[in-house]
Amino acid sequence: MLRYALNRVLLLLLTLVGVLVITFIISRVLPGSPVEMMLGSRPTPEQIEAARIALGLDQPIWVQFWTYMRDVLSGDFGTSLRTGQSVISDIGARFAATAELVTVGFALALAIGIPLGIHSAVKPNAISDHAARSVSVIGLALPVFFLGLLFQLIFHGQLGWLPLQGRIDGDLMLDNPFDTVTGFFLIDTLLAGNLAAFGSALAHLALPVLTLAAATTASVMRVTRNNMIEVMSQDHIKTVIAYGLPTEKVHYRYALRAALVPLLTVFGLIYGYMLGGSVIVEYVFDWPGIGGYAVNSVITNDFPAVTGVTLVLATAYLTVNLAVDLLYQVVDPRLRVS
């Protein structure tokens, strides 16, 4: 187990080095210049030369790469050309918002998608199965931005039940401030015993989470259904059913556990996809996460910020998949033996 874990960690580090190389190359070959971004439209030659020296662009390419690797590995992603702040501090101030949005959305997708997938698998071709599959196809076909706008129109514009944008009510933050401990407002407000702020954070989270979870639930449901149908046809499940064990126990304790290893792979990929795919949802709902930060950085050619966001998302994606790989050993004892 320990050797397997070390091998996976080593593979993760090698992959991150590959990501570093790719991001460095892309930042040097893309059109546009960080010097132009810093100095505006009509800089003098002296200003251009001074900016090139300040950014290290006058150095040979291998020196630039070594400096880039050294700075990134020490946690220095440079200074944002747009905000003028350290990129790592910009990302740090926004990452918790994205992580909270994606984690709650992912949990909601699992809570709905897995039971629906199991129900469809144990009653294939029933009316409920056809209905669930039809809804899942609709969920996959509709663009995320359209779902977000639709939810805004219904739940804010027509019904007035939920707020349109933002993470929490601004006036409430002024009247009832709370300490930020984890960066997850749902947790921090509960730790502070501030139920008014908790309700506001939950209300602001509802629409972005519903939008993000809609398409993901469809994927979870379809993958769970396909794997459960395959497992339910195996002899050991048929034997358990023949012994007369309760149906729910057979489905959730034996069949779902047997299907869990391939499902874990897909769930890890889905969570990683949601981290990167939350960009559109954050932009639609003005969510103060790294998605909106990344979009604005791309629009303004803010290379250090784009590179920093890419590295952070890649690291998060690889870490999630590392956790999934380690969970294989826990879920399936045969892998520990091999």
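Residues numbered from 1 in each chain as written. Predicted model: local features only at pLDDT ≥ 70, side-chain atom pairs only at ≥ 80, totals over all residues. Heavy atoms only, no water.

Participant: Looking at this model, I keep getting lost on the packing of helix H12 (residues 247–258) against helix H13 (residues 260–284). Mind explaining?
Facilitator: The relative placement of two packed helices comes down to the angle between their axes together with the axis-to-axis distance. One can describe the packing of H12 onto H13 by two numbers: an axis separation of 5 Å at closest approach and a directional angle of 65°. Accordingly, the angle class assigned to the pair H12 and H13 is roughly perpendicular. Contacts between H12 and H13 involve Leu256, Arg257 and Ala258 from the first element and Leu260, Pro262 and Leu263 from the second. Class assignment of the residues belonging to the contact of H12 with H13 gives a composition of five nonpolar, no polar and one charged. (Axes fitted to C-alpha atoms, helices over the stretch in contact; angles between N-to-C directions. Helix = DSSP H or I, 4+ residues; strand = E, 2+ residues; numbered from the N terminus. Parallel < 35°, antiparallel > 145°, perpendicular 65-115°, else oblique. Contact = heavy atoms within 4.5 Å. Nonpolar A, V, L, I, M, F, W, Y, C, P; charged D, E, K, R; others polar.)

Participant: Please clarify how the environment of isoleucine 61 should be interpreted in this entry.
Facilitator: Note that isoleucine 61 resides in helix H4 (residues 61–73). Here the alpha-carbon distance between isoleucine 61 and asparagine 125, two residues 64 residues apart in the chain, equals 61 Å. Those residues in contact with isoleucine 61, other than ones at most four positions away along the chain, are Phe24 and Arg28.

Participant: Can you walk me through the packing of aromatic side chains in this structure?
Facilitator: Where two aromatic rings form a pair, the distance of their centres and the angle of their planes describe that pair. As enumerated under the stated definition, the model contains six aromatic pairs in all. Ring plane angle 80° and centroid distance 5.1 Å describe the contact between phenylalanine 106 and tyrosine 271, whose orientation is recorded as edge-to-face. One end of the pair, phenylalanine 106, is in helix H5 (residues 87–122); the other, tyrosine 271, is in helix H13, with 165 residues separating them in the sequence. The pair formed by phenylalanine 106 and tyrosine 271 is uniform in burial state, with each residue classed as buried. Here phenylalanine 178 and phenylalanine 185 contribute two aromatic rings whose centre-to-centre distance is 5.4 Å and whose plane-to-plane angle is 90°, an arrangement assigned as edge-to-face. Like phenylalanine 178, the residue phenylalanine 185 is buried in the burial classification. These aromatic residues form a ring-pair network of at least three members: Phe24, Phe65 and Tyr68. (Phe/Tyr/Trp six-rings, centres within 6.5 Å; stacked < 30°, edge-to-face > 60°. Buried < 20%, exposed > 50% of the residue type's maximum accessible area, 1.4 Å probe, protein only.)

Participant: Would you mind going over the nonpolar core with me for this structure?
Facilitator: Buried together is how nonpolar side chains tend to be arranged in soluble globular proteins. By size, the foremost hydrophobic cluster in this structure holds 61 residues, and its most contacted members are Phe77, Ile91, Leu101, Met228, Phe267 and Leu311. The element that contributes the greatest number of residues to this core is helix H10 (residues 195–232), accounting for eleven residues. If we ignore the near neighbours within four places in the chain, the residues touching phenylalanine 267 are Phe106, Leu110, Ile114, Val220 and Thr224. (Core = buried A, V, L, I, M, F, W, Y, C linked by side-chain atoms within 4.5 Å.)

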